[in-house]
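# Examination of the molecular architecture
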Amino acid sequence: MKQSILQFLKLQIITILFWVLSFCLFITIRYFEIGTEGGKAFVTNYDQVIPITQWLQFSILIGVLVGFFYGIIEFISDKLLLYKFSTGLLILLKTIVYLLLLILSTNFVVGLIEVQIDRNLPNEPGWWMENKVFWLIVVYFNICSLIFSFLKIAIENFGHGVLFNQLIGKYKRPREERRIFMFLDLQSSTTIAEQLGHYKYSQLIQQCFYDLNSIINNFDANIYQYVGDEAVISWTFEKGLKQNNCVELFYKFQDKLVKKEKIYLKQFGIIPKFKAGLHGGTLIVTEVGTIKKEIAYHGDVINTSARIQGECNKYDETLLISESLLQKLKLHKYKLTSLGDITLKGKESTLKLFSINKLN
């Protein structure tokens, strides 16, 4: 509940700022339309020009109103409708709701403006149907809304912070970074796939990763890629170590699955359980591809993380971590058990591994 509230507040701040800036830009453009219909709209009944600062105050007010309700609609659609409707249909449904919201907001603000600037403005029932300025606002609103939606989709597809890094060309040239990786894999996946069949199994994986996505931003993590029933999660060292994010994410995900066990049992007849391997170190980050660009990680850290996860079944553990990463964490509320020096598959040198379990 706390995390949902934080997500909601964060979305509210973003949407309010976006729409305040958008409406301020609209007013500024209209205000300086010299000799056009737009310019006449900023004069009172006594031929006095209304200062732009006053108009910007009104645009801030409508931006806050629209942004507040816009954030509520976006939050509800993300939580309840995102995986039930196609992206195109969802955008269409939200556009209809936003039009109604815009009509109500404009009616409210027009009443306030009329009193403040001493100017007769259209406010009779249905005034907006034939008002050119209102439909200009509607077109502008829809353009801004589409921009917001596409940016949101792009950020979700690329991952948190990745889109911005691509835009500024941060990884055009290979560069070294210290990162933490978690390879998260469904336990007994082959048996479950045979039991459910490929379609039902795909639905199970989709639901599991939806639940993972719902909490991942709370732990400053990025999804690097999905490979079948496996998710590869990444942190910068600073964010992964902060408040033990790289470990806390795993157990928060496990708790989420347990809380929804009745839903999983009803839909799939099983309670999914995941295993994971954690490791960190220095590797190369670079942008690859021209047709389908993505940020790629090259180095032994990724291979080692995958191999660590592969040892979970052998030792009947759900979370394993390398000693080098463990030493940088402060895991006081967990039970740590040394597995000794392990020779990982495909590697010559040994690596000391530990299992992590919650204290009873």
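Quick note: structure is the one above.
Residues numbered from 1 in each chain as written. Predicted model: local features only at pLDDT ≥ 70, side-chain atom pairs only at ≥ 80, totals over all residues. Heavy atoms only, no water.

## Structural notes on the overall build of the protein chain
Our working rule: Per the convention used, a helix needs a DSSP run of H or I reaching at least four residues, while a strand needs a run of E reaching at least two, with both numbered from the N terminus. With a 1.4 Å probe rolled over the protein chains alone, any residue whose accessible area is under 20% of its type maximum counts as buried; one over 50% counts as exposed, and the rest are partly exposed. Residue contacts follow a heavy-atom distance rule, with two residues in contact if any of their heavy atoms lie within 4.5 Å. Methods summary: accessible areas were calculated by the Shrake-Rupley approach with a probe of 1.4 Å, and residue burial reflects only the protein chains presented.
The number of helices and strands found in the protein chain is 14 helices and eight strands. Across the 360 residues of the protein chain, 43% fall into the buried class. A sequence separation of at least 24 residues applies to 70% of the contacts in the protein chain between residues at least 6 apart. Just so you have it, the protein chain exposes about 20200 Å², and 60% of that area is on carbon and sulfur atoms.

## A word on the environment of Ala 296
Position of Ala 296 relative to the elements: it lies in strand β5 (residues 294–298). Overall, the relative accessible area of 5% leaves Ala 296 in the buried class.

## A short note on the packing of aromatic side chains
Where we set the bar: Pairing of aromatic side chains requires ring centres within 6.5 Å, counting the rings of Phe and Tyr and the six-membered ring of Trp. Pairs whose planes differ by under 30 degrees are stacked, by over 60 edge-to-face, and all others tilted.
The full count for this structure, using the stated rule, is 19 aromatic pairs. Ring centres 5.4 Å apart and planes at 90 degrees place the aromatic pair Tyr 70 and Phe 148 in the edge-to-face group. Taken as a pair, Tyr 70 in helix α3 (residues 52–81) and Phe 148 in helix α5 (residues 132–158) lie far apart in primary sequence, 78 residues in all. A single burial state applies to Tyr 70 and to Phe 148, both of which are buried. Among the aromatic side chains, those forming a connected cluster through ring pairs are Phe 18, Trp 19, Phe 23, Tyr 70, Phe 141 and Phe 148.

## Quick notes on helix α8 (residues 198–216)
Note the threshold: Here a helix's expected span is defined as the number of its residues, less one, multiplied by 1.5 Å.
Between its first and last C-alpha atoms α8 spans 26 Å; for 19 residues at 1.5 Å apiece the expected length is 27 Å, and the two agree. Those residues of α8 that sit buried are Tyr 201, Leu 204, Ile 205, Cys 208, Phe 209, Tyr 210, Asp 211, Leu 212, Ser 214, Ile 215 and Ile 216.

## Describing the pattern of salt bridges
Which entries qualify depends on this criterion: For this document, the term salt bridge refers to a Lys or Arg side-chain nitrogen within 4 Å of an Asp or Glu carboxyl oxygen.
Tallying each qualifying case throughout the model produces six salt bridges. In this structure, the salt-bridge partner of Asp 185 is Lys 275, at a minimum N-O distance of 3.9 Å. Separated by 90 residues along the polypeptide, Asp 185 in strand β1 (residues 175–186) and Lys 275 in strand β4 (residues 274–288) bring together distant segments of the chain. The class of Asp 185 is buried, set by a relative accessible area of 11%. A relative accessible area of 7% means that Lys 275 is categorised as buried. The shortest N-O distance in the salt bridge between Lys 358 and Asp 255 comes to 3.2 Å. Taken together, the residues span a long stretch of sequence, with Lys 358 in strand β8 (residues 350–358) and Asp 255 in helix α10 (residues 245–259) at a distance of 103 residues.

## Side note on a nonpolar patch on the surface
Heads up, the condition is: The patches described consist of residues with a relative accessible area above 30% and no salt bridge, like charges being joined within 9 Å and nonpolar side chains (Val, Leu, Ile, Met, Phe, Trp, Tyr) within 5 Å.
On the surface, Leu 89, Leu 92, Leu 93, Ile 96 and Leu 100 cluster together into a nonpolar patch covering about 440 Å² of accessible area. Of note, Leu 93 is situated in helix α4 (residues 87–117). Classification of Leu 93 as partly exposed rests on a relative accessible area of 35%.

## Quick notes on unusual backbone geometry
Unlike most non-glycine residues, Ser 188 shows phi in positive territory, near 55 degrees. Positive phi values are uncommon outside glycine, yet Asp 220 reaches one of about 55 degrees. Relative to the helices and strands, Asp 220 is located in the loop between α8 and β2 (222–227). Among the residues examined, Asp 220 registers a relative accessible area of 31% and is labelled partly exposed.

## Quick look at the nonpolar core
Using the following cut-off: What is meant by a nonpolar core is a set of buried Ala, Val, Leu, Ile, Met, Phe, Trp, Tyr and Cys residues, joined one to another through side-chain atoms within 4.5 Å.
Counting 42 residues, the largest nonpolar core has Leu 184, Leu 204, Ile 233, Trp 235, Val 247, Leu 249 and Leu 278 as its most contacted members. If you tally residues by element for this core, the top one is α8, at eight residues. By size, the runner-up hydrophobic cluster in this structure holds 23 residues, among which are Val 66, Leu 102, Phe 134 and Tyr 140.

## What about the pairing of strand β7 (residues 334–343)?
For clarity, the threshold we go by: A pair of strands counts as paired when DSSP detects no fewer than two bridges linking them.
By the bridge criterion, nine bridges tie β7 to β8 in an arrangement that is antiparallel. Within β8, the residue paired with Tyr 334 across the bridge is Lys 358. Hairpin connection between β7 and β8: a loop of six residues separates the two successive antiparallel strands, and Gly 346 in this loop has a positive phi of roughly 80 degrees.

## Digging into the packing of helix α7 (residues 189–196) against α8
Selection criterion: Working convention: axes come from line fits to C-alpha atoms, limited for helices to the stretch in contact. Angles between N-to-C directions cover 0 to 180 degrees. Put simply, angles under 35 degrees are roughly parallel, angles over 145 are roughly antiparallel, angles from 65 to 115 are roughly perpendicular, and the rest are oblique. By definition, turning the near helix anticlockwise from the far helix through less than a right angle yields a left-handed crossing, and turning it clockwise yields a right-handed one.
Packing of α7 against α8 leaves a shortest axis separation of 6 Å and a crossing angle of 125 degrees. Judged by the inter-axis angle, α7 sits oblique to α8. Two packed elements cross with a definite hand, and for α7 against α8 that hand is right-handed. Of the residues in α8, those touching α7 at Ser 189, Ile 192, Ala 193 and Leu 196 are His 198, Lys 200, Tyr 201 and Leu 204.

## So, the packing of α8 against helix α11 (residues 261–268)
We count it as follows: Residues were grouped as follows: Ala, Val, Leu, Ile, Met, Phe, Trp, Tyr, Cys and Pro as nonpolar; Asp, Glu, Lys and Arg as charged; and all remaining residues, including Gly, as polar.
At their nearest, the axes of α8 and α11 sit 11 Å apart, and the two run at 165 degrees to each other. In terms of their interaxial angle, α8 and α11 are classed as roughly antiparallel. Our pair here, α8 against α11, has a crossing hand that is right-handed. Here Lys 200, Gln 203, Leu 204, Gln 207, Cys 208 and Asp 211 of α8 come into contact with α11, specifically with Tyr 264, Gln 267 and Phe 268. Here the residues of the contact of α8 with α11 are counted per class, giving four nonpolar, three polar and two charged.

By themselves these figures say nothing about function.
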